[in-house]
Amino acid sequence: MVDQVRTGVSITEWMRPEYERTEVVNGVLVEVDTDMMGLLHTIIIDNLILILKPFAKQHKLGLVHTDGVKYILYVDENGIQTAYKPDLAFLRNGRIPVGFDLYRDPFPGAPDLAVEIISPGQTTADMLEKAADYLRYGTEEVWIIYPMKRQLHRYRGGEEVPEVYAGDTIFHPEALFPGLSLKVADLFIVEES
């Protein structure tokens, strides 16, 4: 008889400090290489926060936040099978469960929007797999941003081909942020004070 390897990670295990920089893929802890995230990565996140967070707050849409929140997308009898920490995420109002510990708990479910920025060393194939996982488990939209190409690829459930935005293209994420117009070039602006 062949021994079957059980895969899966417990919530307690994943929340240990030594696993802070990990995600769970196919039931296995995978280290996220944050050393490869350069200044442009941070600038893009900051620019998105400056656009999305005030808009969401003004229109009482929900919470926009940066990297650090762990989302558990899929759990089976062996433990966590799929869990990610998006570079930026959005949760609609009413999604935070009763009794949820905002200081400690990983979020039980997918964000409504997950944004991932391609960093050196990451592959498009890995990002496409991640986007498919987000959508499979309930994320409404996934935005993958390619800093070197200065492009935003928008993935939505049921669509196999992303919408690609670049340059001065105006992007309207109506389903998540009704009334928002976002110029893609604004995501890549580097402002020095």
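Residues numbered from 1 in each chain as written. Predicted model: local features only at pLDDT ≥ 70, side-chain atom pairs only at ≥ 80, totals over all residues. Heavy atoms only, no water.

Draft legend 1. Just the overall build of the protein, in detail. Helix and strand counts for the protein come out as three helices and 13 strands. The C-alpha atoms of the protein give 17 Å as radius of gyration, which agrees with the globular expectation for 193 residues (16 Å, within 12%). C-alpha extents for the protein along the principal axes are approximately 60 × 40 × 40 Å. Long-range pairs, those at least 24 residues apart, make up 54% of the contacts in the protein with a sequence separation of at least 6. Put simply, the protein shows about 10800 Å² of open surface, and 54% of that area lies on carbon and sulfur atoms. For the protein, the distance from the average site of its 18 positive side-chain charges to the average site of its 30 negative ones is 5 Å. (Helix = DSSP H or I, 4+ residues; strand = E, 2+ residues; numbered from the N terminus. Rg over C-alpha atoms; globule rule 2.2 N^0.38 Å. Contact = heavy atoms within 4.5 Å. Areas by Shrake-Rupley, 256 points an atom, 1.4 Å probe, with all protein chains shown as cover. Lys, Arg positive; Asp, Glu negative; His and termini not counted. Charge placed at Lys NZ, Arg CZ, Asp CG, Glu CD.)

Draft legend 2. Representation of unusual backbone geometry within the structure. Of note, asparagine 26 is a non-glycine position whose phi angle comes to about 50°, a positive value. Mapped onto the fold, asparagine 26 is located in the loop between strand 1 (22–25) and strand 2 (28–31). Using a relative accessible area of 55% as the deciding quantity, one classes asparagine 26 as exposed. The backbone phi angle of lysine 60 is positive, close to 50°, even though this residue is not glycine. By the secondary structure assignment, lysine 60 is in the loop between helix 2 (39–58) and strand 3 (62–66). With relative accessibility at 67%, the residue lysine 60 sits in the exposed group. (Buried < 20%, exposed > 50% of the residue type's maximum accessible area, 1.4 Å probe, protein only.)

Draft legend 3. Summary view of the packing of aromatic side chains. Throughout the structure, instances matching the rule amount to seven aromatic pairs. Measuring from centroid to centroid gives 5.2 Å for tyrosine 84 and tyrosine 134, while their planes differ by 50°, and the two rings are tilted. Note that tyrosine 84 is positioned in strand 5 (residues 79–84) and tyrosine 134 in helix 3 (residues 124–136), a separation of 50 residues in sequence. By the burial criterion, tyrosine 84 is buried, and tyrosine 134 matches it. Each ring, one from tyrosine 165 and one from phenylalanine 171, has its centre 4.5 Å from the other, and the planes form 45°; the classification is tilted. Each member of the pair tyrosine 165 and phenylalanine 171 is classed as buried. Taken together, the ring pairs in this structure connect Tyr71, Phe100 and Phe107 into an aromatic cluster. Geometry around tryptophan 14 places lysine 70 over its ring, the cationic atom sitting 4.5 Å from the centre. (Phe/Tyr/Trp six-rings, centres within 6.5 Å; stacked < 30°, edge-to-face > 60°. Lys NZ or Arg CZ within 6 Å of the ring centre and 35° of its normal.)

Draft legend 4. Local environment of helix 3. Look at helix 3: 18 Å from first C-alpha to last across 13 residues, which is about the 18 Å you get at 1.5 Å a residue. Within the span of helix 3, buried status applies to Met127, Lys130, Ala131, Asp133 and Tyr134. Viewed end-on, helix 3 has its buried residues packed into an arc of 160°, placing them on one side of the element. Among the exposed residues of helix 3, those pointing more than 90 degrees away from its buried face are Ala125 and Arg136. At its buried positions, helix 3 is contacted by strand 1, strand 4 (71–76), strand 5, strand 8 (113–117) and strand 9 (141–146). (Expected span 1.5 Å × (residues − 1). Arc of directions from axis to C-beta.)

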